[in-house]
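Letter by letter, the chains look like this.
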Amino acid sequence: MALISLQGVGLGFGGHPLLDGVDLQIERGEWIGLLGRNGCGKSTLLKLLNGDLLPEEGIISRQQNLKTGYLPQEVPIGLSGTIYDITASGLSAPDIRDEENGWQRQLKVEQILSRMQLNPQADFNFLSAGLKRRVLLARSLVNNPDLLLLDEPTNHLDIEAINWMEDFLVRWGRTLLFVTHDRSFLQRLSTRIIELDRGRLFDWHCSYATFLQRKEAVLAAEQEQNAVFDKKLAQEEAWIRQGIEARRTRNEGRVRALKRLRELRQERRDQPGKLRMQIQEERRSGRLVMDVDRINYAFNDQTIVRDFSTTIQRGDKVGIIGPNGSGKTTLLRLLMGDLKPQSGEVRHGTNLALSYFDQLRSQLDESRSILDNVGQGRDTITVNGKQRNLIGYLEDFLFTSDRVHAPISALSGGERNRLLLARLLAQPANLLVLDEPTNDLDVETLELLEDLLLDYSGTLLLVSHDRAFLNNLVTKLLVLDGDGNITEIIGGYDDWQREKQSQTAEKEDTRPPKTAPAPAVPPPPPAGPRKLSYREQRELAELPEKIEALEIEQMQLAASMNEPPFFQQEKDAVARVVDRLHAIEKELAQAYQRWGELDQA
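This is a predicted model, so every value here is computed, not measured. Per chain, residue numbering runs from 1 following the sequence as it is written. In view of the model being predicted, local features appear only for residues whose pLDDT reaches at least 70, and side-chain atom pairs are presented and counted only at 80 or more, with totals across whole chains, interfaces and linings using the full set of residues. Side-chain numbers come from the whole structure's heavy atoms, not from hydrogens or water.

Caption draft 1: Expanded view of the overall build of the protein chain. In terms of regular secondary structure, the protein chain is built from 18 helices and 20 strands. Any residue under 20% of the maximum accessible area for its type is buried, any over 50% is exposed, and the rest in between are partly exposed; the area is computed with a 1.4 Å probe on protein chains only. Counting the 601 residues in the protein chain, one finds 44% classified as buried. A 1.4 Å probe and the Shrake-Rupley method give the accessible areas. Residues count as covered only by the protein chains that appear here. When the accessible surface of the protein chain is split by element, carbon and sulfur atoms take 49% of a total near 32,200 Å². For the purposes of this entry, the term helix denotes a DSSP run of H or I that reaches at least four residues, the term strand denotes a run of E that reaches at least two, and both are numbered from the N terminus.

Caption draft 2: Representation of the pairing of strand β18 (residues 459-463). Burial of β18 is extensive: five of the five residues sit out of reach of the surface. The two faces of β18 match: T459, L461 and V463 on one face and L460 and L462 on the other face are all buried. Paired strands are those between which DSSP finds at least two bridges. Inspection of the sheet shows strand β17 (residues 431-435) paired to β18 by five bridges, in the parallel sense. Bridge pairing in β18 places D435 opposite V463. Handedness is read with the strands pointing away from the viewer; a crossover is right-handed when the path from the first strand over the helix to the second is clockwise. Assessed by its sense of winding, the connection that carries the chain from β17 through helix α14 (residues 443-454) to β18 is right-handed.

Caption draft 3: A look at the sheet that holds strand β10 (residues 288-299). Strand order across the open sheet formed by three strands is β11-β10-β13, with antiparallel pairing between neighbours. The sheet is open, and its two edges are formed by β11 (302-313) and β13 (343-348), each paired on a single side. Averaged over all pairs of adjacent strands, the angle between strand axes in this sheet comes to 15 degrees, irrespective of strand direction. Where β10 lies against β13, five bridges are found, and the strand directions are antiparallel. Bridge assignment links M290 to a residue of β13, and that residue is H348. Lying on the sheet, helix α10 (residues 328-336) is in contact with β10, β11 and β13; it crosses β10 at an angle near 130 degrees. Interaxial angles span 0 to 180 degrees and are taken between N-to-C directions of axes, which are lines fitted to C-alpha atoms, for helices over the stretch in contact. Contacts between residues were defined by any pair of non-hydrogen atoms, one from each residue, lying within 4.5 Å.

Caption draft 4: Region of the structure containing empty space enclosed by the protein. Here a cavity denotes a set of grid points, spaced 1 Å apart and computed over the protein atoms alone, in which a 1.4 Å probe fits but from which it cannot get out, and a pocket denotes an open set meeting protein on both sides within 12 Å along at least five of seven lines; residues with an atom within 4 Å of a point are reported as lining. Grid points are joined across faces, edges and corners, and a volume is the space filled by probe spheres set on the points. Enumeration according to the criterion identifies one cavity of 30 Å³ or more in this entry. Within this model, the largest cavity holds a volume of roughly 50 Å³. Lining the largest cavity are L157, D158, I159, I320, I321, G322, N324, K328, E436, S464 and H465. In this count, Pro and Cys sit with the nonpolar residues alongside Ala, Val, Leu, Ile, Met, Phe, Trp and Tyr, while Asp, Glu, Lys and Arg are called charged and the others, Gly among them, polar. Among the residues forming the lining of the largest cavity, the class breakdown is four nonpolar, four polar and three charged.

Caption draft 5: Structural context of α10. Among all positions in α10, only K328, L331, L332, L334, L335 and M336 are buried. G337 occupies a position one or two residues after α10 and carries a positive phi of about 100 degrees.

Caption draft 6: Layout of the pattern of salt bridges. The rule for a salt bridge is simple: a side-chain nitrogen of Lys or Arg has to be within 4 Å of a carboxyl oxygen of Asp or Glu. Inspection of every chain in the model, using the stated rule, returns 18 salt bridges. A salt bridge links R28 to D146, with the nearest nitrogen and oxygen atoms 3.9 Å apart. With R28 in the loop between β2 (19-26) and β3 (31-35) and D146 in the loop between α4 (129-141) and β6 (147-151), this pair connects stretches of sequence that are 118 residues apart. Here D146 falls in the buried class, since its relative accessible area comes to 15%. Overlapping salt bridges, with partners in common, bring together E166, D167, D182, R188 and R467 in one network.

Caption draft 7: How the structure looks around the environment of T311. You can see T311 is positioned in strand β11. Given the relative accessible area of 35%, T311 is considered partly exposed. C-alpha separation for the pair T311 and D293, spaced 18 residues apart in sequence, amounts to 8.6 Å. Once residues within four sequence positions are removed from consideration, T311 is found in contact with L288, M290, D291, D316 and K476.

Caption draft 8: Quick peek at the packing of aromatic side chains. Within 6.5 Å between ring centres, the rings of Phe, Tyr and Trp (the latter by its six-membered ring) count as paired, and their orientation is classed by plane angle as stacked under 30 degrees, edge-to-face over 60, tilted in between. Taken as a whole and judged by the stated rule, the model has five aromatic pairs. Each ring, one from F178 and one from F185, has its centre 5.3 Å from the other, and the planes form 90 degrees; the classification is edge-to-face. Judged on exposure class, the residue F178 and its partner F185 are both buried. Pairwise contacts between aromatic rings join W204, Y208 and F211 into one cluster. Working rule: Lys NZ or Arg CZ, within 6 Å of ring centre, within 35 degrees of ring normal, means a charge sits over the ring. Lying over the aromatic face of W164, R134 brings its terminal NZ or CZ to 4.0 Å of the ring centre. K500 extends its terminal NZ or CZ atom over the ring of W496, reaching a point 4.5 Å from the ring centre.

Caption draft 9: Layout of α4. Taking 1.5 Å of rise per residue, the 13 residues of α4 would be expected to cover 18 Å, and the 19 Å separating its terminal C-alpha atoms lies within 8% of that figure. Of all the 13 residues making up α4, ten are buried; the element is thus mostly covered by neighbouring parts of the structure. Listed as buried for α4 are G130, K132, R133, R134, V135, L136, L137, A138, S140 and L141. Helix span, as expected, comes to 1.5 Å for every residue beyond the first.

Caption draft 10: Representation of the side chain of E195. Relative to the elements of secondary structure, E195 occurs in strand β8 (residues 192-197). We define a polar contact as two N or O atoms separated by no more than 3.5 Å, with the added condition that, inside protein, one atom must be a possible hydrogen donor and the other a possible acceptor, whereas residues neighbouring each other in sequence contribute only through side-chain atom pairs. In this structure the side chain of E195 is engaged in a polar contact, spanning 3.4 Å, whose partner is the side chain of W204. The contacts of E195, once residues within four sequence positions are left out, are L35, R200, L201, F202, W204, F211 and K215.

Caption draft 11: Looking closely at the environment of A575. With respect to the element layout, A575 can be found in helix α18 (residues 571-599). Distance in space between the C-alpha atoms of A575 and V170 is 9.2 Å, their sequence separation being 405 residues.

Caption draft 12: Just the sheet that holds strand β9 (residues 200-203), in detail. One open sheet accounts for six strands, arranged β5-β6-β7-β3-β8-β9; its pairing is mixed. With partners counted over all chains shown, the strands left at the sheet margins are β5 (68-71) and β9, one partner each. With direction set aside, neighbouring strand axes in the sheet form an average angle of 20 degrees. Bridging between β8 and β9 involves four bridges; their strand directions are antiparallel. Across the sheet, residue I194 finds its bridge partner in β9, namely D203.

Caption draft 13: Inspection of the side chain of S464 at higher detail. Assignment of secondary structure puts S464 in the loop between β18 and α15 (467-473). A polar side-chain atom of S464 sits 3.0 Å from the main-chain amide nitrogen of D466. Setting aside its immediate chain neighbours within four residues, S464 contacts I159, I320, I321, E436, T438, F469 and L470.

Caption draft 14: Just the packing of α4 against helix α5 (residues 159-172), in detail. Put simply, α4 and α5 touch, their axes get as near as 13 Å, and they point 10 degrees apart. Relative to α5, the element α4 lies roughly parallel. Touching R134, L137 and L141 of α4 are W164, M165, F168 and W172, all from α5. Under this scheme an angle from 65 to 115 degrees is roughly perpendicular, one under 35 degrees roughly parallel, and one over 145 degrees roughly antiparallel; angles in between are oblique.

Caption draft 15: Representation of unusual backbone geometry in the model. Positive phi values are uncommon outside glycine, yet Q117 reaches one of about 55 degrees. Position of Q117 relative to the elements: it lies in the loop between α3 (102-115) and α4. Accessibility expressed as a relative area gives 58% for Q117, which makes it exposed. Despite not being glycine, R294 has its phi angle at roughly 50 degrees, a positive value. Here R294 is to be found in strand β10.

Here is the structure:
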């Protein structure tokens, strides 16, 4: 029996329904990614599944004694207390007959806090945004739920914290349904994709990579069907408008069919308009954009930047990453010139025109409307030399004409980010500085922004925790370690990971063995190459065959993972293949290293 089942569920808050006759079954052990545009109702669906909302129509059936855990998208306002108290609030209310089992409740809280590396007595109000999210996750897990519901779990987390959360959820291993815009998170955790689109729920029963391919084909087919329908409707409308003679002889059945076509067209919910963005490029800057010479900056005895130097040239796309609180935004402000380094110098090149995207969205005025926040009192805007009506420009960012006069206080996080992008891109710039621009954006908008920035010929400084965004976009990384040190890496996130693994391997190779101290006077080196023992000669002869067998197995497993049915298997079967691939990589590295040692002996 399914853990939870939805049949014909409907819910709306005016206008088109968010959920329109939705059906869904969640089976034990599934890891489900929920996709959809900002504002389409994903969070509403999670609240229905958690029991926080009731449907207007349809049935929600739950397995008896089903326990759910829920991580909301935003930290609840007014939440305060110690980490222990907030985590304990996630336990179900105790039965009056179970008061003597209070120690069991305490044990549950202590166990989950230990697993999540949280200090029970720390004050929640003084935690970073990332740690607050971890506490809320602990609260959702403490009751050992059968189904865990996560709404944008990677929001406000740094890359290290996201990797920790992924590893934790893989080890936790129970049933999971989550909303996220993080494509790497989706790729690693989802074994099934469901999509909320125009009030309907589509179940793809595949991995995220396969979903992308199938979705493109489905959208193309839908557009073709709609074009055929619209052509037929236009022909029938032309027929009904013919002259008196045609009206006298017209077929009443055809008239009724036309009426039905009109009704179908009125009921049809077309694909929402596509976001249209373009960057206004100022005249080219000089070849040198920034020359940073041994800058230092500290705040309250904490070193943020220590003896850092770099050169940024026109066209560079520079990513900045590091733990929460390590000083990424401070480094941006130093590079822009908003802060002056306490020693060293930041020299800017010529003809720089800078636009800045602030992750706190402080550039938006809460007291003003959507229109005024972008237009600043103007009705028109100049985009790449052409005058445009401001309302038409905002429609490109999916703000309809009936909403542009509304205050921005009613906007969701994703809509606020779109509004800030509209304001930012209205200004000509050859240097874009973006501080966490991907937060709260849906995947479609995120990919559009990514394509836009890829084609941008100016210079880009980008703070982001989105690993796929960094991999696809940046040409180099500045990696902050939290102690003031900044490492420059050529390439994206994966290149940084390979660099770290290489450095770790080198340290392990140079680490002295844990044996007794060497004698004070080392023995003289042997004259000439060492002769291999019989066992070593046999090992050297067998290594090529062993390496070949490992490489064949590696290719076969990788090929099987690319087949659509692969991710429809049981979760344990998928995990075994992934673990085996990781093991083969290590075995191959060891085999090649050993072969080199023996071959050169």
